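Results of the structural survey
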Number of protein chains: 2
Amino acid sequence: MNQKKILLKDIAKKLNVSTTTVSFVLNGKGKEKKISDEVIKKIEDYVESINFRPNLVAQSLRTGKTKILVFMVEDISNYFFAKIARIIEDIAYSKGYKILFCSNENNDDRSRDLINLFSKLQVDGFIIIPSAGIKKDIENLIKNNIPVVLCDRHFPQLKTSYVVINNYEASKEATTHLINNGFKNIAFITTDVRQIQMLDRLKGYEKAIAEAGLKSTVLQIPFADTNSEKGRDMISCLFTENKELDAVFFSTNYLTQSGLEMIKETNPSLINTLGIITFDDNDLFRIYSPSISAVAQPLHQIGQELMNIMLNLLKDNNTNQLKQVTLKANLIIRNSSLRKN
Amino acid sequence: MNQKKILLKDIAKKLNVSTTTVSFVLNGKGKEKKISDEVIKKIEDYVESINFRPNLVAQSLRTGKTKILVFMVEDISNYFFAKIARIIEDIAYSKGYKILFCSNENNDDRSRDLINLFSKLQVDGFIIIPSAGIKKDIENLIKNNIPVVLCDRHFPQLKTSYVVINNYEASKEATTHLINNGFKNIAFITTDVRQIQMLDRLKGYEKAIAEAGLKSTVLQIPFADTNSEKGRDMISCLFTENKELDAVFFSTNYLTQSGLEMIKETNPSLINTLGIITFDDNDLFRIYSPSISAVAQPLHQIGQELMNIMLNLLKDNNTNQLKQVTLKANLIIRNSSLRKN
């Protein structure tokens, strides 16, 4: 039973009122326009009885606003992105905005497809964790005066608002903490992603290692293999081939997960002798045995700053106004990174 | 620099072609309509140069389709929901659909707000993990011939398509497994949510306990407190007040997390003597020490079935066609539920 498309004028005809009257009532302007309570009720009751759904975009053409924001992340099933998504969602909701989420898989084509879709939906603003090759697409949004805030990473040559953390310093601090706890052969396990946030974490590690006169050991796992058997095998081989390793610093939470899994499967006793730090915390790292030390990103603060910037851009309707925020990550020292014996 | 609204006819005028020609080209029908390659290129180049974004809803009015689906979950930051979201997203994407996610917090007002928003956006279909009081809203969507599939839970009195798991049997099996491993005082820790999936888990536990002639001990934590200090205190009190407890079955993964946290903080040795099973698996339960036994929902199968049903509804444009799927959860036996000496 397909319901026929019902238009304002059909409603007006049916109820013997003008189309304008119907339009005012459906837009909540009945009282303001001095339409009688009786007529307002008649229209509202009828509209409910036929399940009429006014067209949002027809509304947005009038107001110019859809009250919809987009948060595009790398992978919505990743703890870090999902938590920020939820924090942003709650703030947006309290301010009368809805947030739509989607994953771009750190893939440029998919990012572009999604940006095109949401542009067509005429959303009011974009919060984006960008893949590496979409600088031009972000630039186009800004040219079109659409509010954009980047998160987690940004394009150094592009003037955009963003919220990131001090990856370089945080990584250097964590590595130095391992060195201060007596570890001498510290591996850095990361991905091959050439984006600024990952490069900065690598540089921070290398700087601390160089300053201490130690030898750096870096494993870069192809992004596509980070959560696969192949990724775990690469981690396993690293330890087989470098017997002298006494600590490891994982550059993301999903790599830590693969690493813990590999240890559990192939060499369980290693968990008690190896120094371990992870970039990005997770509720379960706290309750693991040993509890896993983590460079924790300030998720609530990130979400709050992203929404502050976005709400300001929306209010001022001036996307040339830049705000670039770099927050400090917190090194949370737990048992896994403390001096052994 | 606000860009002026540019309309098809402005483009047509500028390029000295007809509005119809512009419309055909922008809708990818240039070749079909025998428009010359030269004109197609001219229009495409110009449109790109001015960053023109055709209006999706204008398109959808023509085709009646937006190619957008919604997946509304309880909490996008919960592992279980986020994983299914990601699986659905990948299937949808491969079929030419985009999926938008949002969290309803298991709250009826928020669910209703979101359903209204997406109805106005004229999305093609809804996959919903419903809060308890939105039966009528789901009913309205179906009346309007909008494809809906429910997930995780459903309304027994409402004729809808859904994908759920056999909560009762899975819970009974897990409890029986604990009993068979010598545990005699098994607590069931759950929420106060009165929805079918939670009630069935409780019933399955009670049935197994009754059949074995054991005493049931049930703790129901208010939903709002499940992830709070108060929730953890309630779990802690349960163990203080019931010294005889030798095993616990958590009805959701977030309750397990709170429980593990409480044990780690207040009584770490308990982790080795207590029998533990969780409903809903998590990558980290596998690598925990001891590894945590889990009733694992078949996430990929759930995602696949949801999308199969949705794609069929979309194809046939007949939302009266019901498909109700109940999948079997898998009891994954790990160390935490095995006989203690």
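By the naming in an unreviewed UniProt entry, chain A is LacI family transcriptional regulator, taken from Abyssalbus ytuae.

Before going further, it helps to spend a moment on helix α14 (residues 299-316) of chain B. Since the α-helix advances by 3.6 residues per turn, residues separated by three or four positions end up pointing in the same direction. Along its 18 residues, α14 of chain B runs 26 Å from first to last C-alpha, staying within 8% of the 26 Å computed at 1.5 Å per residue. Those residues of α14 of chain B lying buried are Leu-299, Ile-302, Gly-303, Glu-305, Leu-306, Met-307, Ile-309, Met-310, Leu-311, Leu-313 and Leu-314 of chain B.

Turning our eyes to something else, we now look at the packing of helix α8 (residues 167-180) of chain B against helix α9 (residues 196-211) of chain B. Residues and elements named next belong to chain B. Interhelical geometry of α8 versus α9 gives an angle of 35° and a closest axis separation of 7 Å. Seen from above, α8 lies across α9 with right-handed handedness. Counting all contacts with α8, which are made through Asn-167, Tyr-168, Ser-171, Lys-172, Thr-175, Thr-176 and Ile-179, the residues of α9 involved are Gln-197, Asp-200, Arg-201, Lys-203, Gly-204, Tyr-205, Lys-207, Ala-208, Ile-209 and Glu-211.

Another point: the pairing of strand β4 (residues 148-151) of chain B. All names here are of chain B. Here β4 shows a buried face lined by Val-148 and Leu-150 and a second buried face lined by Val-149 and Cys-151. As judged from the three bridges shared by strand β3 (residues 125-128) and β4, these two strands associate in the parallel manner. What sits directly across from Ile-127, in β4, is Val-149. Examined bridge by bridge, β4 and strand β5 (residues 161-165) share three bridges and lie parallel to one another. For Val-149, the partnering residue across the bridge sits in β5 and is Ser-161.

So, about the sheet that holds strand β8 (residues 247-250) of chain A. Sheet strands line up and pair through hydrogen bonds in the backbone, either parallel or antiparallel. Residues and elements named next belong to chain A. Ordered in space as β7-β6-β8-β9-β10-β12, the six strands form an open sheet in which the pairing is mixed. Single-partner strands in this sheet number two, and they are β7 (217-221) and β12 (330-332). Direction aside, neighbouring strands of the sheet carry axes that sit 15° apart on average. Examined bridge by bridge, strand β10 (residues 293-296) and β12 share three bridges and lie antiparallel to one another. Bridge pairing in β12 links Ala-296 to Asn-330. Those strands touched by helix α8 (residues 167-180) are β6 (186-191), β8, β9 (275-279), β10 and β12, and its axis lies near 170° from that of β9. The strands touched by helix α11 (residues 253-266) within the sheet are β6, β7, β8 and β9, with β9 carrying the most contacts at an inclination of about 150°.

Structurally, Thr-190 of chain A can be placed in strand β6. Among the polar contacts made by the side chain of Thr-190 of chain A, one reaches the side chain of Ser-251 of chain A at a distance of 2.9 Å.

What follows is about α9 of chain B. All names here are of chain B. With 16 residues, α9 extends 22 Å between its outermost C-alpha atoms, agreeing within 8% with the 22 Å of an ideal straight helix rising 1.5 Å per residue. The complete set of buried residues in α9 reads Gln-197, Met-198, Asp-200, Arg-201, Leu-202, Gly-204, Tyr-205, Ala-208 and Ile-209. Buried residues belonging to α9 abut α8, β6 (186-191), β7 (217-221) and β9 (275-279). Positive phi appears at Gly-213, one or two residues downstream of α9, with a value of about 70°.

The next subject is the environment of Asn-312 of chain B. All names here are of chain B. As for its placement among the helices and strands, Asn-312 is situated in helix α14. The exposure class assigned to Asn-312 is partly exposed, which follows from its relative accessible area of 31%. Distance from Asn-312 to Ser-77, taken between C-alpha atoms, is 29 Å for residues 235 residues apart in sequence.

Let us now look at the side chain of Asp-246 of chain B. All names here are of chain B. Topologically, Asp-246 is positioned in the loop between α10 (229-241) and β8 (247-250). Among buried charged residues, Asp-246 stands out as having no salt bridge; its nearest opposite-charge side chain is Lys-184, 6.9 Å away. Here Asp-246 is in contact with Gly-182, Phe-183, Lys-184, Asn-185, Ile-186, Thr-273, Leu-274 and Gly-275, once residues within four sequence places are set aside.

Under the domain assignment, chain A is made up of domain 1 (8-54), domain 2 (66-164 + 299-327) and domain 3 (167-297 + 331-337). The distance between the C-alpha centroids of domain 1 of chain A and domain 2 of chain A comes to 37 Å.

Our next topic: the state of the cysteines. Scanning all chains against the criterion turns up zero disulfides over all chains. Take Cys-102 of chain A: it sits in no disulfide, and the sulfur closest to it among the cysteines is that of Cys-102 of chain B, at 12 Å. Residue classification places Cys-102 of chain A among the buried residues on the basis of a relative accessible area of 0%.

A few words on unusual backbone geometry. A cis amide bond links Ser-289 of chain A to the next residue, Pro-290 of chain A, at an omega of -5°. Looking at the secondary structure, you find Pro-290 of chain A in the loop between α13 (283-286) and β10. The residue Lys-34 of chain B is not glycine, and still its phi comes out positive at about 55°. Note on placement: Lys-34 of chain B falls in the loop between α2 (19-26) and α3 (37-49). Despite not being glycine, Glu-105 of chain B shows a phi value in the positive range, around 55°. For Glu-105 of chain B, the location among the structural elements is in the loop between β2 (98-103) and α6 (108-120).

Conventions we followed
Residues numbered from 1 in each chain as written. Chains lettered and ligands numbered in written order. Predicted model: local features only at pLDDT ≥ 70, side-chain atom pairs only at ≥ 80, totals over all residues. Heavy atoms only, no water. Helix = DSSP H or I, 4+ residues; strand = E, 2+ residues; numbered from the N terminus. Expected span 1.5 Å × (residues − 1). Buried < 20%, exposed > 50% of the residue type's maximum accessible area, 1.4 Å probe, protein only. Axes fitted to C-alpha atoms, helices over the stretch in contact; angles between N-to-C directions. Left-handed = near helix turned anticlockwise from the far one by under 90°. Contact = heavy atoms within 4.5 Å. Pairing = 2+ DSSP bridges. Polar contact = N/O pair within 3.5 Å; in protein donor to acceptor, adjacent residues only side chain to side chain. Lys, Arg positive; Asp, Glu negative; His and termini not counted. Salt bridge = Lys/Arg side-chain N within 4 Å of Asp/Glu carboxyl O. Domains from an automatic or database assignment. Disulfide = S-S within 2.5 Å.

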